[in-house]
Amino acid sequence: MLIKKPTDIAPSEITPPELYARRREFLKSTAALGAVALLGPLIASRTARAAEDDLKLTPYKDITSYNNFVELGSGKTAPARANGNLRAKPWSVAVAGHCEKPGVYSLEDFLAGQMAEERIYRLRCVETWSMVIPWLGIPLNKILPRFKPTADAKYVEFTTLLDPERMPGQQSRALKWPYVEGLRIDEAMHPLTLLATGLYGKDLLDQNGAPLRLVVPWKYGFKSIKSIVKINFTDSPPRTTWNLEVPDEYGFYANVNPNVDHPRWSQKKERRIGDFFRRDTLIFNGYAEQVAGLYKGMDLKKNF
């Protein structure tokens, strides 16, 4: 595993390897001052920022037992009960559209030459619950250039596995299958956008999107598509699943925005899993400093 710090990612978003085993006491105590003597000012600075940002990790058991993954079953506990059904090895990813190197790649070849990084990101669901998750993964901007997208590649479309036997939820008509999501190419290439392969130092379980899922931390969770089998470079916005199903509730952009309510509930507050009290929702889920420039001049209420 590689711990790297891209220059435009806040230090609080990345866990240094020397803190991994001792993360909890660093995040929840005032021992940052003592850490200066033990680990140096850089570690103390990262610790202080992590505590300031309230990035206390959600327990592994909660992250792996409270999930939205309709393909594995409806309800929050159904996906975990289906764990093991997906049989995520072997796995392949098709690359298509406006690129010079389309093809079907084994997961190993698709990720070849890259080492997983650990990123601690907030996850905010459109349903107003949230988590803090230590992902393992590879920034998407290190993967996509290998396939040489052309100038016509304005968007990236992602597709989930279609297999009702392995994905029993697809036997229902809850949604039009397979699940599809998409990003603008500049969103996909942003350094925060991650192709996750694990969390808490372990491989992804089925319910968390094994073996490969998208993580876009400034957007609502439904944008972070799971169990990806296809990446397609397009010249127009992809027709995404929830946006097609309920367009007035699920916008294409789905940026976390406390000032734009869901038609059926407010987005101003959220409940962090494990907490009793609700907290204020942060614009862009707390990542405005890094990503607000992507939407300069856009009406965020119209382009929700």
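Keep in mind the model is a prediction, meaning the values are calculated, not measured.

With 74 residues, the main nonpolar core has Phe 110, Trp 135, Phe 158, Leu 214 and Trp 218 as its most contacted residues. Listed by contribution, the elements that provide at least two residues to this core are β1 (92–97), α6 (107–110), β3 (117–124), β4 (129–139), β5 (155–160), β7 (194–199), β9 (213–215) and β10 (228–234). It is β4 that provides the largest number of residues to this core, a total of 6 residues. In contact with Phe 110, other than residues within four places in its own chain, are Val 93, Val 95, Tyr 105, Ile 143, Arg 146, Phe 147, Leu 195, Leu 212 and Ile 231.

With that settled, consider the environment of Lys 61. Tracing the backbone through its elements, the reader meets Lys 61 in helix α4 (residues 60–63). For Lys 61, a relative accessible area of 57% puts it in the exposed group. A polar side-chain atom of Lys 61 sits 3.4 Å from a polar atom in the side chain of Asp 62.

The next thing to look at is the packing of aromatic side chains. Tallying each qualifying case throughout the model produces 12 aromatic pairs. Pairing Tyr 253 with Tyr 295 gives two aromatic rings, centres 6.1 Å apart and planes at 85 degrees, and the pair type is edge-to-face. Highlighted residues: Tyr 253 in the loop between α8 (241–245) and β11 (269–272) and Tyr 295 in the segment after α9 (288–291), separated in sequence by 42 residues. For Tyr 253, a relative accessible area of 12% corresponds to the buried category.

Moving on, we get to the layout of surface pockets. Looking at the largest pocket, its volume works out to about 530 Å³. In this structure, the largest pocket is lined by 31 residues; those nearest its centre are Asn 68, Phe 69, Phe 222, Lys 226 and Trp 242. The leading source of residues in the lining of the largest pocket is β4, at 3 residues. Residues belonging to the lining of the largest pocket are distributed by class as follows: 17 nonpolar, 9 polar and 5 charged. Here the second largest pocket defines a volume of roughly 360 Å³. If you go around the second largest pocket, you meet 18 residues; those closest to its centre are Lys 89, Leu 107, Thr 197, Asp 203 and Pro 211. Elements with a contribution of two residues or more to the lining of the second largest pocket: α6, β7 and β8 (202–203).

Extensive coverage of β7 is indicated by the burial of 6 of its 6 residues. The sheet contact formed by β4 and β7 spans 5 bridges and is antiparallel. Following the sheet pairing, Gly 137 is matched in β7 by Ala 196. Across 3 bridges, the pairing between β7 and β9 is antiparallel. Across the sheet, residue Leu 195 finds its bridge partner in β9, namely Leu 214. With 2 bridges connecting them, β7 and β8 associate as antiparallel partners. Paired with Leu 199 across the two strands is Lys 202, which belongs to β8. Once β7 ends, the chain turns through 2 residues before running back antiparallel as β8, passing Tyr 200 with a positive phi of about 50 degrees.

Definitions and cut-offs
Residues numbered from 1 in each chain as written. Predicted model: local features only at pLDDT ≥ 70, side-chain atom pairs only at ≥ 80, totals over all residues. Heavy atoms only, no water. Core = buried A, V, L, I, M, F, W, Y, C linked by side-chain atoms within 4.5 Å. Buried < 20%, exposed > 50% of the residue type's maximum accessible area, 1.4 Å probe, protein only. Helix = DSSP H or I, 4+ residues; strand = E, 2+ residues; numbered from the N terminus. Contact = heavy atoms within 4.5 Å. Polar contact = N/O pair within 3.5 Å; in protein donor to acceptor, adjacent residues only side chain to side chain. Phe/Tyr/Trp six-rings, centres within 6.5 Å; stacked < 30°, edge-to-face > 60°. 1 Å grid on protein atoms, 1.4 Å probe; cavity = no way out; pocket = protein on both sides within 12 Å on 5 of 7 lines; lining within 4 Å. Points joined across faces, edges and corners; volume = space filled by probe spheres on them. Nonpolar A, V, L, I, M, F, W, Y, C, P; charged D, E, K, R; others polar. Pairing = 2+ DSSP bridges.

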